[in-house]
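Overview (structure and organization)
Take a look at the letters that make up each chain.
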Amino acid sequence: MPPPKDVVKIAIQMVGAIPQLIELQQTKPLSAVLKDVCDAWSLPNAEHYALQYADGRQTYITESDQEAERLYSGIQSKNVDVKTDSLKKLASLSQDVTFAQEFISRNGLKQIYSIVEEGNDTGEMLAHTLKAFTELMEHDFVSWENLSTVFIKKIMSYVNMNAVDASIQQLSLSILENMVPTSRLLFELVKKEVTLDRLLTHLQVTNAQLQLKAMALLIALLLTATDAERRDMMDYLREKNIRQFIHKNIIHSSEPLGDEMAHYLYVLQSVSLNLCEHRMRTSMDPYSQEQRELLQSLRQTAFESESEAPAGNFSTERRRSLCAKEFRKLGFTNNSNPAEDLRRAPPGLLALDNMVYFSRNTPNAYSRFVLENSSREDKHECPFARSSIQLTLILCEILHVGEPCSETAQAFYPMFFGQDHFFEELFCICIQLVNKTWKEMRATQEDFDKVMQVVRDQITRTLALKPTSLELFKTRVNALNYSEILKLRQTERLHQEETLAVPVLELRERLKPELLELIRQQRLLHLCEGTLFRKISSRRRQDKLWYCRLSPNHKVLHYGDVEEGVESPPIESLTEKIPVADMKMLLVGKECPHTKEKSSGKQNKDVLELAFSIVHDVEEYCLNFVAPTRYEFCLWTDGLNVLLGKEMTSERTQTDLDVLLSMELKLRLLDLENISIPDTPPPIPKPPSNLNFCYDFSHAEQ
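Remember, it's a predicted structure, so these values are computed and weren't measured experimentally.

On to empty space enclosed by the protein. Overall, the coordinates contain one cavity of 30 Å³ or more when judged by the stated rule. The space that makes up the largest cavity amounts to roughly 70 Å³. Around the largest cavity sit Met-234, Leu-237, Arg-238, Ile-242, Arg-243, Leu-268, Ser-272, Phe-416 and Phe-417, which together line it. For the lining of the largest cavity, the secondary structure elements donating two or more residues are helix H12 (227–239), helix H13 (242–251) and helix H14 (259–273). It is H12 that contributes the most residues to the lining of the largest cavity, three residues altogether. Partitioning the lining of the largest cavity into residue classes produces six nonpolar, one polar and two charged.

Applying the stated rule across the entire model yields 28 salt bridges. We note a salt bridge from Asp-39 to Lys-35, for which the minimum N-O separation is 3.2 Å. Of the two residues, Asp-39 and Lys-35 are both situated in helix H1 (residues 30–40); the distance of four residues between them amounts to about one turn of the helix. By relative accessible area, which is 45% here, Lys-35 ends up partly exposed. The shortest N-O distance in the salt bridge between Glu-135 and Lys-131 comes to 3.1 Å. Highlighted residues: Glu-135 and Lys-131, both in helix H6 (residues 124–137), separated by four residues, approximately one helical turn. Among the charged side chains, a network of salt bridges with common partners joins Arg-523, Asp-638, Arg-652 and Asp-656.

Turning our attention to the layout of surface pockets. Reported here for the second largest pocket is a volume of approximately 480 Å³. Of all elements in the fold, only H12, H14, helix H15 (277–280), helix H18 (349–361) and helix H21 (422–440) reach the threshold of two or more residues within the lining of the second largest pocket. Residue classes in the lining of the second largest pocket are distributed as 10 nonpolar, four polar and eight charged. Summarising the domain contributions, the lining of the second largest pocket has at least three residues from each of domain 2 (61–255) and domain 3 (289–304 + 319–493).

Let us now look at the pairing of strand S7 (residues 556–562). Counted residue by residue, S7 has five buried out of seven residues, so it is predominantly covered. Relative to strand S8 (residues 576–579), S7 is paired through four bridges, and the arrangement is antiparallel. Within S8, the position partnered with Val-556 by the bridge is Pro-579.

All right, on to the confidence of the model for the protein chain then. For the protein chain, the mean per-residue pLDDT works out to 85, and 90% of the residues sit at or above 70. Segment residues 307–311: pLDDT under 50, and four contacts once partners within four positions in sequence are set aside and those in other chains are kept. Segment residues 599–603 is flagged for pLDDT under 50; beyond a separation of four residues in sequence, or across chains, it makes three contacts in the model.

A few words on the packing of helix H10 (residues 196–203) against H12. The interhelical angle for the contact between H10 and H12, taken along N-to-C directions, is 50 degrees, at an axis separation of 11 Å. It follows from the interaxial angle that H10 and H12 lie oblique. You can see that H10 and H12 cross each other, and the crossing is right-handed. Of the residues in H12, those touching H10 at Leu-196, Asp-197 and Leu-200 are Met-233, Tyr-236 and Leu-237. Each residue belonging to the contact of H10 with H12 can be placed in one class, and the counts come to five nonpolar, no polar and one charged.

Bringing the sheet that holds strand S10 (residues 611–616) into the picture now. Ordered in space as S9-S10-S11, the three strands form an open sheet in which the pairing is antiparallel. The outermost strands of the open sheet, each flanked by one partner alone, are strand S9 (583–588) and strand S11 (621–626). Sheet twist, expressed as the mean angle between neighbouring strand axes with direction ignored, is 20 degrees. Direction of pairing for S9 relative to S10: antiparallel, over a ladder of five bridges. In the strand pairing of S10, Leu-587 is matched with Ser-613. Together, S9, S10 and S11 form the strand contacts of helix H28 (residues 630–643), whose direction differs from that of S9 by roughly 155 degrees.

Moving on, we come to the domain arrangement of the protein chain. Domain boundaries in the protein chain define domain 1 (7–49), domain 2 (61–255), domain 3 (289–304 + 319–493) and domain 4 (512–656). Summarising the inter-unit geometry, the C-alpha centres of domain 2 and domain 4 are found 86 Å apart.

The biggest cluster of nonpolar side chains holds 147 residues, and the ones touching the most others in it are Phe-133, Met-215, Ile-246, Leu-330, Leu-391 and Ile-459. For this core, the domains that each give at least three residues are domain 2 (61–255) and domain 3 (289–304 + 319–493). When neighbours within four sequence positions are excluded, Leu-391 is seen to be in contact with Phe-427, Cys-430, Ile-431, Val-434, Met-452, Val-455 and Ile-459. Ranked by size, the runner-up nonpolar core spans 38 residues in total, among them Phe-533, Met-583, Leu-610 and Phe-612.

Right, let's get into the environment of Leu-550. Looking at the element boundaries, Leu-550 is found in strand S6 (residues 541–550). Spatially, the C-alpha atom of Leu-550 lies 9.2 Å from that of Val-580, the residues being 30 residues apart in sequence. Among residues more than four places away in sequence, those in contact with Leu-550 are Leu-524, Leu-527, Cys-528, Lys-555, Val-556, Leu-557, Ile-571, Val-580 and Leu-643.

Remark: helix H25 (residues 502–529) packs on H28, axes separated minimally by 8 Å, with the N-to-C direction vectors making an angle of 110 degrees. Judged by the angle between their axes, H25 and H28 are roughly perpendicular. The segment H25 lies against H28, with Arg-520, Gln-522, Arg-523, Leu-524, His-526 and Leu-527 engaging Tyr-631, Glu-632, Cys-634, Leu-635, Trp-636, Asp-638, Gly-639, Leu-640, Val-642 and Leu-643.

Moving on, we come to the environment of Glu-403. Mapped onto the elements of the fold, Glu-403 is located in the loop between helix H20 (384–398) and H21. On the basis of relative accessible area, Glu-403 is assigned to the partly exposed category, the value being 38%. Residues Glu-403 and Val-451 lie 48 residues apart in sequence; the distance between their C-alpha atoms is 26 Å. What Glu-403 contacts, discounting residues up to four positions off in sequence, is Ser-270 and Asn-274. Polar side-chain contacts of Glu-403 include one of 3.2 Å to the side chain of His-400.

Here we come to helix H7 (residues 149–160). In an α-helix, one turn spans 3.6 residues; hence positions three or four apart end up facing the same way. Compared with an ideal rise of 1.5 Å per residue, which puts 12 residues at 16 Å, H7 spans 16 Å between its outermost C-alpha atoms and is within 8% of the ideal. Those residues of H7 lying buried are Phe-151, Ile-152, Ile-155, Met-156, Tyr-158 and Val-159. Relative to the axis of H7, the buried residues are bounded by an arc of 150 degrees and lie together on one face. Looking at the packing, one finds that the buried side of H7 touches helix H5 (108–118), H6, helix H8 (166–179), helix H9 (184–193) and H10.

With that out of the way, let us pick up the packing of aromatic side chains. Evaluated as defined, the whole model comprises 24 aromatic pairs. Between the aromatic rings of Phe-358 and Tyr-366, the centroid separation amounts to 6.0 Å while the plane-to-plane angle is 90 degrees, which identifies the pairing as edge-to-face. Here Phe-358 matches Tyr-366 in class, with each residue buried. What links up through ring pairs into an aromatic cluster is the set Phe-533, Trp-546, Tyr-559, Phe-612, Phe-625, Phe-633 and Trp-636. Seen from the ring of Phe-416, Arg-243 lies directly overhead, with NZ or CZ sitting 4.1 Å from the centre.

The rules behind the values
- For every chain, the first residue of the written sequence is number 1, and numbering continues from 1 onward in sequence order.
- Reporting in this predicted model follows two pLDDT cut-offs: at least 70 for local features of residues, and 80 or more for side-chain atom pairs to be given and counted; totals over whole chains, interfaces and linings ignore these cut-offs and use all residues.
- With hydrogens and water set aside, each side-chain value is computed from the structure's full complement of heavy atoms.
- The distinction between a cavity and a pocket rests on a 1 Å grid over the protein atoms alone: a 1.4 Å probe fits inside a cavity but cannot get out, while a pocket stays open yet meets protein on both sides within 12 Å along at least five of seven lines, and a residue with an atom within 4 Å of a point counts as lining.
- Grid points are joined across faces, edges and corners, and a volume is the space filled by probe spheres set on the points.
- Secondary structure elements follow DSSP: runs of H or I of four or more residues count as helices, runs of E of two or more count as strands, with numbering from the N terminus.
- Classification convention: Asp, Glu, Lys, Arg as charged; Ala, Val, Leu, Ile, Met, Phe, Trp, Tyr, Cys, Pro as nonpolar; all other residues, Gly among them, as polar.
- Every case where a carboxyl oxygen of Asp or Glu lies within 4 Å of a side-chain nitrogen of Lys or Arg is listed as a salt bridge.
- Accessibility here uses a 1.4 Å probe with only protein chains present; expressed as a share of the type maximum, an area under 20% marks a residue as buried, one over 50% as exposed, and anything in between as partly exposed.
- Domain limits in this description derive from either an automatic procedure or a database domain assignment.
- For two strands to be treated as a pair, DSSP must find at least two bridges joining them.
- What pLDDT conveys is the predictor's confidence in a given residue, as a value from 0 to 100.
- Any two residues whose heavy atoms approach within 4.5 Å at even a single point are treated as in contact.
- In this analysis an axis means a line fitted to C-alpha atoms, helices contributing only their contacting stretch, and an angle means the value between N-to-C directions, from 0 to 180 degrees.
- Working definition: roughly parallel below 35 degrees, roughly antiparallel above 145 degrees, roughly perpendicular at 65 to 115 degrees, and oblique for all remaining angles.
- For any helix crossing, the convention is left-handed if the near helix is rotated counterclockwise from the far helix by under a right angle, and right-handed if that rotation is clockwise.
- What we call a nonpolar core is a set of buried Ala, Val, Leu, Ile, Met, Phe, Trp, Tyr and Cys residues that are connected through their side-chain atoms within 4.5 Å.
- Within 3.5 Å is the distance limit for a polar contact, defined as a pair of N or O atoms, with the added protein rule that one can donate a hydrogen and the other accept it, and that residues adjacent in sequence qualify only through two side-chain atoms.
- Here the expected span of a helix is defined as 1.5 Å times the quantity of residues minus one.
- Within this analysis, the arc is defined by the directions that extend from the helix axis to the C-beta atoms.
- Planes of paired rings set the category: under 30 degrees apart is stacked, over 60 is edge-to-face and the rest tilted, where pairs are Phe, Tyr or Trp rings (Trp by its six-membered ring) whose centres lie within 6.5 Å.
- Either the NZ atom of lysine or the CZ atom of arginine qualifies as a charge over a ring when it sits within 6 Å of the ring centre and within 35 degrees of the ring normal.

Okay, here's the thing in structure tokens:
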């Protein structure tokens, strides 16, 4: 049979005694339980002992109803000392949910309300009262909306007083923080009575706990406010330079930043950035005069000198054509109607705002960006507008614009609090980074997505370093050029595959000769299969075809002309031969005689990259090749180098070797998954003092 529901097994221990495992009947009086436990240990005077939790808060287990009754009476005592002690104990025991329920059921909160509403004390008694109230309300047995207006105003008065103990102000701020999110009415009441100026005053004190509680209430007000109220509050805080104050006195204070304050700064940053959400989610309205003027200002700022003077003499059609041409130079995809590019939301109008901010606040950089790309070839120009729209979207994603605040995150950026117009200023740095990276990558229009992915990587990696200012961010992000990004990605890939551990590197070196031999055999097999080549003359490209293949014994190269449509002719049909023993050297590119036949004029770049020649015989006669593809060029030059007894030098060799090494290492290390590999081998143990542990087989069969 299962035990009754009111019986639980618990372990009880005491220093110097053997622990007991008892079946506790929860309906049994606590005094009787204590007597049974003391009797088992032969302890007299059971009334002098108490049970205490071993884990967690390590509170004492009491008869909650009796203790609640005693404290309920104690806080009504006329004796100040008794009343203060009762409130102090109440503040401690109220953390226990059972006790709190018993105390509240006796209408104990009403007594606490009376002490606050009717008393003028601002000392120790009031601190214990507010602490007890806070702990009791934590259990959610009573709604915050049931509080009287008199009680709430009294709490707010403690926050607004100058001559009051800091602990009382901390508790009062904490109570208001918990109160604000529960009701619109309470939010409006607190917002009206506890002004932003008052909270800013508390933020400027040296007491870190008071500073923390003031920040907590400010965050609660911001999160509970409507969008319009939040915007007004943030505008007011910006006027009061709260960012600069936080940057100087909280982030860079001598005291380390706690987790709770870090979370509040993250929320403040998130709330501020989310003010951009409305513009981010709003598409451009082509019929809005204000938005059209912003769009036209971009064109006028960039090309003002070009179009200013003669514009009046142009017809409407000519002027429209000129505008379309200038919008194309600005990098809009739809140059006849650039508003269409901004219909996508997100990033919506936020992208337009960023472009206008960049053009107005850094006009020289803006003009340089646009004009520099206007002078490039069409396919190599970096499109300003298209890049700006995509960059704005990337920044919104990285900074989580429009996303709800996390309840636990602490990842704020110190530089956010050191700069007004943070998002716009960050955009100005990053759009110039786009142009710089574009040039480093020698990108074309087809590489647009790849460039923006690299830029995202540059921004993300630099932000992870938590630069303390935008200037420092700018320095670091520009130092993280394209080649550095490639190196970092390669290193991370190797680390991910655990291929940088010293033992793995040693294994890699041991595997190389075996795998290189495998590549050599593959190259020779490819030469044995043969390849179809086209003949190239000094005058023009010929349609004549010829085929070359290596004999199965790797001693003779067979080649000869073939007809169109013949893919793999038999080796007997190839009449020309070159013994491998007669081959002297391999020439590639410009060294080949058939690329030198034209003494003047530009060489065909494709031919130069695919040409190779075999020098053979005493007269140094050359057999000239032009490979059909770069892949064939790599395989043939590698194969011929193998026949000549030389190293394989093509880029394909390194690629194939890396792939084979990676596969082989993964197979070898399969059994070591999730096991860390030490950098150095474990030490070899010392030999035993004697070898007398050998088994004597002579007595095995008796």
